[in-house]
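Remarks on the overall topology
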Amino acid sequence: MKIQVIDYFVFCLVAVILLSSCSPKASRAIVGTWQIAHLKITMPSYKNSDSTQNIEVLGKDWEAKMKVKNILTTYAADGTYHSLHRNLQGKTTYDPAGRWQIIQDTLIIQDTIPKRITYKFRFKIKKNQIEYWGVEDFDLDGKVDDQYYSRQVKL
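All of these numbers come straight from a predicted model, not from anything done at the bench. (Residues numbered from 1 in each chain as written. Predicted model: local features only at pLDDT ≥ 70, side-chain atom pairs only at ≥ 80, totals over all residues. Heavy atoms only, no water.)

1. Notes on the environment of W133
Secondary-structure assignment places W133 in strand 9 (residues 129–136). Using a relative accessible area of 27% as the deciding quantity, one classes W133 as partly exposed. Dropping the residues within four chain positions of it, W133 is found in contact with F121, R122, F123, K124, Y148 and Y149. (Helix = DSSP H or I, 4+ residues; strand = E, 2+ residues; numbered from the N terminus. Buried < 20%, exposed > 50% of the residue type's maximum accessible area, 1.4 Å probe, protein only. Contact = heavy atoms within 4.5 Å.)

2. Comments concerning the nonpolar core
If you look at the biggest cluster of nonpolar residues, it comprises 21 residues, and the most contacted ones within it are I30, Y75, L107 and Y132. Broken down by secondary-structure element, the contributors of at least two residues to this core are helix 2 (24–30), strand 1 (32–43), strand 6 (97–103), strand 7 (106–113), strand 8 (117–126) and strand 9. The element that contributes the greatest number of residues to this core is strand 1, accounting for five residues. Residues contacting I30, with those up to four places away along its chain left out, are Y75, W100, I102, L107, I125 and I130. (Core = buried A, V, L, I, M, F, W, Y, C linked by side-chain atoms within 4.5 Å.)

3. Details of the pattern of salt bridges
Using the criterion set out here, one finds two salt bridges in the structure. A salt bridge links K60 to D61; the nearest nitrogen and oxygen atoms lie 3.5 Å apart. Residue classification places K60 among the exposed residues on the basis of a relative accessible area of 69%. Residue K69 is joined to E63 by a salt bridge in which the shortest nitrogen-to-oxygen separation is 3.6 Å. For K69, a relative accessible area of 22% translates into the label partly exposed. Look at E63 and you get partly exposed, because its relative accessible area is 37%. (Salt bridge = Lys/Arg side-chain N within 4 Å of Asp/Glu carboxyl O.)

4. Looking at the packing of aromatic side chains
Tallying each qualifying case throughout the model produces seven aromatic pairs. With 5.9 Å between their ring centres and 65 degrees between their planes, F121 and Y132 make a pair best called edge-to-face. In this pair, F121 is assigned in strand 8 and Y132 in strand 9, connecting sequence segments 11 residues apart. Since its relative accessible area comes to 7%, F121 is described here as buried. (Phe/Tyr/Trp six-rings, centres within 6.5 Å; stacked < 30°, edge-to-face > 60°.)

5. Considering the side chain of D139
Here D139 lies in the loop between strand 9 and strand 10 (146–154). Here D139 sits buried without a salt bridge, and the closest side chain of opposite charge, K47, lies 6.5 Å off (N-O distance). In this view, D139 contacts M43, P44, S45, Y46, K47 and D146; residues no more than four positions away in its chain are not counted. (Lys, Arg positive; Asp, Glu negative; His and termini not counted.)

6. Digging into the pairing of strand 9
Sheet topology places strand 8 next to strand 9; five bridges connect them, and they run antiparallel. What sits directly across from R122, in strand 9, is W133. Counting the residues that bridge the hairpin from strand 8 to strand 9 gives two residues, and of these K127 lies at a positive phi of roughly 50 degrees. Of the pairings in the sheet, the one linking strand 9 to strand 10 comprises eight bridges and is antiparallel in character. From the neighbouring strand, Y132 faces strand 10, where its bridge partner is S150. (Pairing = 2+ DSSP bridges.)

7. Details of the environment of T93
Take T93: it is sitting in strand 5 (residues 92–94). C-alpha of T93 to C-alpha of V68: the two residues are 25 residues apart in sequence and 9.4 Å apart in space. Non-local contacts of T93, meaning those with residues more than four positions away in its chain, are made with H85, R86 and N87.

Keep in mind these values describe shape, not function.
Right, here's the structure in full:
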């Protein structure tokens, strides 16, 4: 009987720690609209080749280098988000949307529109800036080996 009480206590303690690990401060700080100030993606074995592809762009050079408007990602307090992509004329070309959540130092983004994709990024927020780090399959070669970094500023 004592072991069951101790097991229950340990279970409750672990549950409290896990539930408190989602920082309400970080959740409040991320709410708003963000724009990329620095992006760096390194894709080894780019599209299953023997070469590495690098993309690096600063926000001030975004339109000239990327040939599109800077991406605007909006996180809402209700846990939804969308990431507006526009051409240079301002017309929407892509607008994935879905849900977001924070667990410890990880931002989990689940696209539900246009299709279900989950991204996980470590992140850090300082005032009006957020930095993301992660490993994803950006070149869609079937390998989760592409290094992602971005620094974004809150508008």
